Amino acid sequence: MAAAGSSSKDILSEVRTFIAGTSNEKSISHESLARSALHLLQTLPVARHAVLEHLCSLFDEAVKLHILQSDDPAGQEEGESDLDGVIQDVCGVLFNFIKTNPLAWAPIISNWSLELLGHISCKYAGQCGLSPSSSLNELLQMWVTCKPTKSLMEVATECFAAMVGSAPDVCVDALLEASVKYSPHFDWVVAHIGSCFPNTIITRVLMCGLKDFCHHGNKRPDMETRGDEKVPKMDSVVDILGHLASKHRQDIRGALMKLFEESMKSDSEVVKVTTVPFLLELASRSDMLLQVLSTDLIKSLNPELLNKLHVNFEPWRRRNAPEYLSLISLVVQLIKKIDFTTLEVLEFLLGIASPDNTNNCPCPEVQEVGAIILNRLIFELQRSVFHKRRNASIDVPFLSSLVDQSTNILRLLLDSKGSRGDWLLRIVAYIGLYSGEDLTSDLMVYILCNATSHTQLCRFVQLQSIVEVKLGDILPVVVQKVTDKLRSYKIPQPNVILGNILAILEWEKSTKSLSERSTLLFCIKKQWEAFLPLLTNDDLHLVLETVKVINTLEIPTNISSANALKLCSTLLHFFFRSLEVEDTRLSSSMFHACRECLKFLCKETFIQCIALRFLIESLFIKDIAILFGAKRDLPISKFEKEKKNFQSLYDANRKQGLSTALHRSQSTVFHAGVIGQGLRTSTSGPVLPKVHIDRNKQCLMSILRCCSHQTTHTEEVTSPTVEGAMEVDEPLMTPSQGWSVSGDLSRMIGSLVTELITPDVLYNNRFWPEEESIQMTVERDLQIYKTMEDNPVLWQILDLYASSPLTMCRCSPVLKSLTASLMIHFESSRERTARNTPKQLEAASHLIRYLGKSCLLPAPLKHVSELFYLATSYEVYLLLLSVWKYMKEFPPTEDPDEVNTRGCEPRHVETIKAIMHNNIDTMGIYYGRFFSMFSSSD
């Protein structure tokens, strides 16, 4: 039936004109023919199919002219101008139909426009000037600039707008049918329309892609079509979603997650099993989709959901083992491509394969799958890393992204055990190898600086064994970085790294099978000077660890003089600091470490001299001397001043100066104090307990022997006892027992002791003068004696080296002054027996012992100290006088022949005989020892 407003005669005329023009019976212009076609479309509905078919050829001709004009801009301008006007009129009519009667016309025009767009896209795909590899955006840009296709696109979009509210499935199905028929050349149309209706198009595109994937399985889009079988359009789905991602990423994320969630609730076994592989296949073709799945999907995969996935996939896995393995391989390849949220992905995989929380973890089968994926991933990373040596262009985004997360991964590694730790260890190794030597060394340094247990420290050795296969010189780089940190104090806890270094060094020394690999011991020997600054640290535990490291390194024999002196001085400073420690075990450990290092250093004579000089000189420093029992002035408290009615000598002196001195008044005894107040309050005394002082003395003697020995015999040091005492050394060895001091060192020690103890050099010669001359040096002798009394460790120093005639010869001025002081004391002493003055008696015994051990005083004179305890004070004086006379007659000498031939004549022992006869009741038992073997040297 004809439309209202048009006569039958007019319609018939337009029909004849349209038929004549389309059949080429007459030459009718495009404009006239289009006008007739549009009139028929408006007035004669039954002619719409013929009219729309003619309009297809009209748009096709317009597109052809546009492409020709693009190739030759100078031609075809007029023809294209005429067609542009005609196309504009056609679109106007179509828009009016859609607006006035959308339910009737929108489906018809939509199918026609989409079919025509697909036909044109395929027909001119090779003539539009773009390569087959052109992106969807480039293709879209080209067709949008073409007026005919742009007009068609506007018509199709208008149809979608009219139907999307009432019949969305109709328009989307038409779009997807065209997409399947003309893909991939039609993808730009879908993408453009999808950008206008994102929610509808994205959801329908995904569903269509899933349906197609379910039908074709795992066939790739580049497979050839066989018969009526259609090629899967995965690439088309990816391209469409990729085009929409720039503005509708969140919609895509929501649609993907909705698709996954609905598949878990679906009743269809095919949908349950196929959805996840479909999503993985999408991710393998699009980095954007991979990012969505590696963030949102992983976050949603809790243990409960993973167990449900396992239940869904288990029947399929048993039936399709090859496809299952292919799916695992696809997952591994996707992980390798991830370059974002890689740490979260890694923690997710570790949580599946080796969960920390046993209360909420996947079932064992899921854990097994996680372990398979991790093992395969590590194998693929290994292949990529070691293949990179031959092809440096290989890129592994997963490793590249983990480089920035290396510190966090190292923390995970140090906190992990078992298989989880083993996986992380290899991943850390491949991160380092992928990045290069610098990062690899940083990773090893981090472990060395932060490991706090044996298990954690083992990771360093394990990591070294992996990376040195490719980076054979990595360990020297690690050592250099560590020593640089030590020099610059950039390590927050240097005692941790020192303890770790020490543990590795000790392990390497105890292991015999390390000849085929680099060792920390070998590399760090070249950098041992870096540890020297740490020896002056305030933390004694840190210094102790440093000394232990140096001992383990075994300092090179070609050490420079500067480093030797620096090390020696810092070690001895550390030794004195260790003596202040009250904890016996800690002090013992510090002493042993220091002694072991000094023993090695003192193999050089010049270092022996420096060490001994430093040790002996330090004993005259008040703060150090106190450690060995030296007295220190103690302040008198205010209470004591009031209790004693204290009055200072300064105040008494002022009163004396302002008054007349009265006979026998307080002023006449000013310098002696006030009679009636008793003895003055003691203002000096030892600071440390006696047990502590004795321990320190033993340590000092051992160190002195260590620094001055000249023999192959090495004495061992035992550990402290439970009661707190420290057994440091055996009794002093004589030269016959294997311990001796070189001649030069003996002379140096004797000269140094004399120099430090004596106040001047006026009487510092080895000769002993006439006994009457001691009256001239009383003050000097008393001062030397007081020095020895205030610093009692000096007696033991002399006793240590008394076996050497060379040392005692150089110490002759000291021995002479001590003898003189003791002679004066015992001659003027009011005590009848010498044992009533024990300090002086002990000093006299020491003196005779020194002279006897050095063989400067022969028998029986060297045994007279055995009679001191039984003799009176004056008899002791006489015995000392006999010694003095002998030493005057036979002065100390450095000539060994003269020393070895010394003996006593009868005149030298007359006093001894007289005293023994006078005290025959108490001394008779000693007579045979003194005179039965008079000629014996013993």
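These numbers were taken from a predicted model, which means no experiment stands behind them.

J.: Mind laying out the overall build of the protein chain, listing which residues take part and the relevant values?
T.: What the protein chain contains, in helices and strands, is 45 helices and two strands. Counting over 938 residues, the protein chain shows a buried share of 49%. Contacts spanning at least 24 positions in sequence make up 75% of the contacts within the protein chain whose residues lie at least 6 apart. For the protein chain, the computed accessible surface area is about 46,400 Å², with 52% contributed by carbon and sulfur atoms.

J.: Before we move on, could you go through the packing of aromatic side chains and cite the residues and values that matter?
T.: Across all of its chains, the model carries 16 aromatic pairs by this definition. Note on Phe 313 and Trp 316: the rings are 5.8 Å apart at their centroids and 85° apart in plane angle, and the pair reads as edge-to-face. Here Phe 313 pairs with Trp 316, and both are found in helix H14 (residues 303-319), just three residues apart, close to one helical turn. Residue class for Phe 313 comes out buried when judged on its relative accessible area of 13%. Assessed through its relative accessible area of 16%, Trp 316 is described here as buried.

J.: Give a description of helix H17 (residues 364-387) that names residues and reports values.
T.: With 24 residues, H17 should cover 34 Å at 1.5 Å per step; its first-to-last C-alpha distance of 34 Å lies within 8% of that length. Residues of H17 that are buried: Val 366, Gly 370, Ala 371, Ile 373, Leu 374, Leu 377, Ile 378, Glu 380, Leu 381, Ser 384 and Val 385. Those residues of H17 that are buried lie in contact with H14, helix H15 (321-337), helix H16 (342-353), helix H18 (397-403) and helix H20 (418-435).

J.: Go over the environment of Trp 884 with me, naming the residues and quoting the values.
T.: The residue Trp 884 is located in helix H41 (residues 873-889) in this model. Its relative accessible area of 1% is what places Trp 884 among the buried residues. For the pair Trp 884 and Pro 769, spaced 115 residues apart in sequence, the C-alpha to C-alpha distance is 8.8 Å. The residues touching Trp 884, leaving out its near neighbours within four places in the chain, are Trp 768, Pro 769, Glu 770, Glu 771, Ile 774, Lys 816, Thr 819, Ala 820 and Met 823.

J.: So what about the pattern of salt bridges? Which residues, and what values?
T.: As enumerated under the stated definition, the model contains 27 salt bridges in all. Across the pair Glu 789 and Lys 839 runs a salt bridge, and its minimum N-O distance is 4.0 Å. Remark: Lys 839 occurs in helix H39 (residues 838-853) and Glu 789 occurs in helix H35 (residues 778-790); sequence separation between them is 50 residues. You can call Lys 839 partly exposed: its relative accessible area is 48%. Salt bridges sharing common partners tie together Asp 744, Arg 747, Arg 810 and Glu 894.

J.: Please set out the packing of helix H26 (residues 540-553) against helix H28 (residues 584-601) residue by residue, giving values where relevant.
T.: To describe two helices that pack against each other, one gives the angle between their axes and the distance between the axes. It is at 9 Å that the axes of H26 and H28 come closest, and there the two elements cross at 35°. When you trace H26 past H28, the crossing you get is left-handed. On H28, the residues touching Leu 540, His 541, Leu 544, Val 547, Lys 548, Ile 550 and Asn 551 of H26 are Leu 586, Ser 589, Met 590, Ala 593, Cys 594, Glu 596 and Cys 597. Considering only residue class, the contact of H26 with H28 consists of nine nonpolar, three polar and two charged.

J.: Please provide a residue-by-residue account of the side chain of Lys 697, values included.
T.: Relative to the elements of secondary structure, Lys 697 occurs in helix H33 (residues 690-708). Of the side chains with opposite charge, Asp 694 comes closest to the buried, unpaired Lys 697, at an N-O distance of 4.9 Å.

J.: Could you give me a rundown of a nonpolar patch on the surface, with the residues and numbers involved?
T.: Side chains of Leu 565, Phe 606 and Ile 610 sit close together on the surface and give an oily, nonpolar patch of about 230 Å² of accessible area. Relative to the helices and strands, Ile 610 is located in helix H29 (residues 605-618). Judged by its relative accessible area of 38%, Ile 610 is partly exposed.

J.: Got a sec to walk through unusual backbone geometry? Specific residues and values, please.
T.: Along the chain, Ala 859 connects to Pro 860 via a cis peptide bond; the corresponding omega equals 0°. Along the chain, the position of Pro 860 falls in the loop between H39 and helix H40 (865-868). For Thr 341, which is not glycine, the phi dihedral falls at a positive 45°. With respect to the helices and strands, the residue Thr 341 is situated in the loop between H15 and H16. Of note, Cys 855 is a non-glycine position whose phi angle comes to about 65°, a positive value. By the element assignment, Cys 855 lies in the loop between H39 and H40.

J.: Give a detailed account of H28, specifying residues and quantitative values.
T.: Counted at 1.5 Å a residue, the expected span for H28 with its 18 residues is 26 Å, and the 25 Å between its end C-alpha atoms agrees. Looking only at H28, the buried set comprises Thr 584, Leu 586, Ser 587, Ser 588, Met 590, Phe 591, Ala 593, Cys 594, Arg 595, Cys 597, Leu 598 and Leu 601. Next to the buried residues of H28 lie H26, helix H27 (561-578), H29 and H33. Between a side-chain oxygen at the N-terminus of H28 and the backbone nitrogen of Arg 585 the separation is 3.2 Å; the capping residue is Asp 583.

J.: Can you tell me about the packing of helix H12 (residues 269-285) against helix H13 (residues 287-300), naming the residues and giving the values?
T.: One way to put it is that H12 packs onto H13 with a least axis distance of 5 Å and a crossing angle of 130°. With respect to their mutual orientation, H12 and H13 come out oblique. The interaxial crossing formed by H12 with H13 has left-handed handedness. Residues Leu 279, Leu 280, Leu 282, Ala 283 and Arg 285 of H12 pack against Asp 287, Leu 289, Leu 290 and Leu 293 of H13.

J.: Outline the environment of Asp 539, listing residues and values.
T.: On the secondary structure map, Asp 539 appears in the loop between helix H25 (520-525) and H26. Judged by its relative accessible area of 33%, Asp 539 is partly exposed. Side-chain polar atoms of Asp 539 contact the backbone nitrogen of His 541, separated by 3.1 Å.

J.: With reference to specific residues and values, describe the environment of Gly 351.
T.: Counting through the fold element by element, Gly 351 comes out in helix H16. On the accessibility criterion, Gly 351 (26% relative accessible area) is partly exposed. Placed 69 residues apart in sequence, Gly 351 and Arg 420 show a C-alpha to C-alpha distance of 9.0 Å.

J.: Before we move on, could you go through the side chain of Ser 286 and cite the residues and values that matter?
T.: Position of Ser 286 relative to the elements: it lies in the loop between H12 and H13. Overall, the relative accessible area of 8% leaves Ser 286 in the buried class. From its side chain, Ser 286 meets the backbone nitrogen of Met 288 in a polar contact 3.3 Å long. Polar contacts involving the side chain of Ser 286 include one to the main-chain amide nitrogen of Leu 289, which spans 3.2 Å.

J.: Run through the confidence of the model for the protein chain, naming residues and quoting values.
T.: Confidence in the prediction of the protein chain, expressed as mean pLDDT, is 80, and 83% of residues score 70 or more. Segment residues 654-672 is flagged for pLDDT under 50; beyond a separation of four residues in sequence, or across chains, it makes 13 contacts in the model. This model gives residues 933-938 a pLDDT under 50, and the stretch forms 11 contacts once residues within four places in sequence are excluded.

Rules and cut-offs
- Residues numbered from 1 in each chain as written.
- Predicted model: local features only at pLDDT ≥ 70, side-chain atom pairs only at ≥ 80, totals over all residues.
- Heavy atoms only, no water.
- Helix = DSSP H or I, 4+ residues; strand = E, 2+ residues; numbered from the N terminus.
- Buried < 20%, exposed > 50% of the residue type's maximum accessible area, 1.4 Å probe, protein only.
- Contact = heavy atoms within 4.5 Å.
- Areas by Shrake-Rupley, 256 points an atom, 1.4 Å probe, with all protein chains shown as cover.
- Phe/Tyr/Trp six-rings, centres within 6.5 Å; stacked < 30°, edge-to-face > 60°.
- Expected span 1.5 Å × (residues − 1).
- Salt bridge = Lys/Arg side-chain N within 4 Å of Asp/Glu carboxyl O.
- Axes fitted to C-alpha atoms, helices over the stretch in contact; angles between N-to-C directions.
- Left-handed = near helix turned anticlockwise from the far one by under 90°.
- Nonpolar A, V, L, I, M, F, W, Y, C, P; charged D, E, K, R; others polar.
- Lys, Arg positive; Asp, Glu negative; His and termini not counted.
- Patch = residues over 30% accessible without salt bridge, like charges linked within 9 Å, V, L, I, M, F, W, Y side chains within 5 Å.
- Polar contact = N/O pair within 3.5 Å; in protein donor to acceptor, adjacent residues only side chain to side chain.
- Parallel < 35°, antiparallel > 145°, perpendicular 65-115°, else oblique.
- pLDDT = per-residue confidence, 0-100.

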